[in-house]
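Topology and contacts: notes
If you want the building blocks of each chain, they are given just below.
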Amino acid sequence: RAEGRGGRTAFVPFLDMANHAASPNCEVQGAGGAPGAFEAVALVATRSLDAGEEALISYGGTATHAALFSGFGFAPAESRSDRLEP
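Below is a short write-up of the structure. Because the structure is predicted, anything quoted here is derived from the model rather than measured.

Describing the overall build of the protein chain
Across its full length, the protein chain carries 1 helix and 6 strands. Counting helices and strands in the order they occur from the N terminus, the protein chain gives β-β-β-β-β-β-α. Per-residue burial for the protein chain yields a buried fraction of 17% across its 86 residues. Sequence separation of at least 24 residues holds for 42% of the intrachain contacts in the protein chain that already meet a minimum separation of 6. As presented, the protein chain carries roughly 6,300 Å² of accessible surface, and 55% of it is formed by carbon and sulfur atoms.

Following this line, the structure appears as structure tokens:
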């Protein structure tokens, strides 16, 4: 499942295999197709990756632990959105 700009959701085989990171090195991009739809979707590196380096995407930079857990089945320790500030 990939959530794109404009709040649209799509099921994209194999992209769900990319792991989440608070600081991702890749992003999901769509191209072509009718307005509001994509003809092609790709995982694109946002910087040069070393050979064997894991491709990481963000499942939601501001998503809460509850949203990540209910939507994707995990809650990362590095999430900044569920912390209390002193």
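There's more to say after this.
Thoughts on the pattern of salt bridges
Tallied over the full model, the rule gives 1 salt bridge. In this structure, Glu 53 engages Arg 47 in a salt bridge whose closest nitrogen and oxygen atoms are separated by 2.5 Å. Arg 47 gets classed as partly exposed once you look at its relative accessible area, which sits at 43%.

A few points about the nonpolar core
Counting residues in hydrophobic clusters, the biggest one holds 6 residues: Ala 18, Cys 26, Ile 57, Tyr 59, Ala 63 and Leu 68. For Tyr 59, the contacting residues outside a window of four places in its chain are Asp 16, Ala 18, Asn 19, His 20, Leu 68, Phe 72 and Phe 74.

Focus on the environment of Ala 40
Relative to the helices and strands, Ala 40 resides in strand β5 (residues 40–45). Spatially, the C-alpha atoms of Ala 40 and Gly 30 are 5.7 Å apart, while their sequence positions differ by 10 residues. Not counting residues up to four positions away in its chain, the partners in contact with Ala 40 are Gln 29, Gly 30 and Ala 31.

Procedures and definitions
- Here, residues in each chain are numbered from 1, in the same order as that chain's written sequence.
- Since the coordinates come from a predicted model, pLDDT governs what is reported: local features require at least 70, and pairs of side-chain atoms require 80 or more to be given and counted, while whole-chain, interface and lining totals use all residues.
- Computation of side-chain values covers all heavy atoms of the structure but excludes hydrogens and water.
- Note on conventions: DSSP H or I runs of at least 4 residues are helices, E runs of at least 2 residues are strands, and numbering of each starts at the N terminus.
- Each residue gets one of three labels from its accessible area relative to the maximum for its type: buried under 20%, exposed over 50%, partly exposed in between, using a 1.4 Å probe on protein chains only.
- Here, residues are in contact when the closest pair of their heavy atoms is within 4.5 Å.
- Surface accessibility follows the Shrake-Rupley procedure with a 1.4 Å probe radius. Residue values consider only the protein chains on display as shielding.
- Here, a salt bridge means any side-chain nitrogen of Lys or Arg that lies within 4 Å of a carboxyl oxygen of Asp or Glu.
- Residues enter a nonpolar core if they are buried and are Ala, Val, Leu, Ile, Met, Phe, Trp, Tyr or Cys, with the set joined through side-chain atoms within 4.5 Å.

On their own, these measurements won't tell you what the molecule is for.
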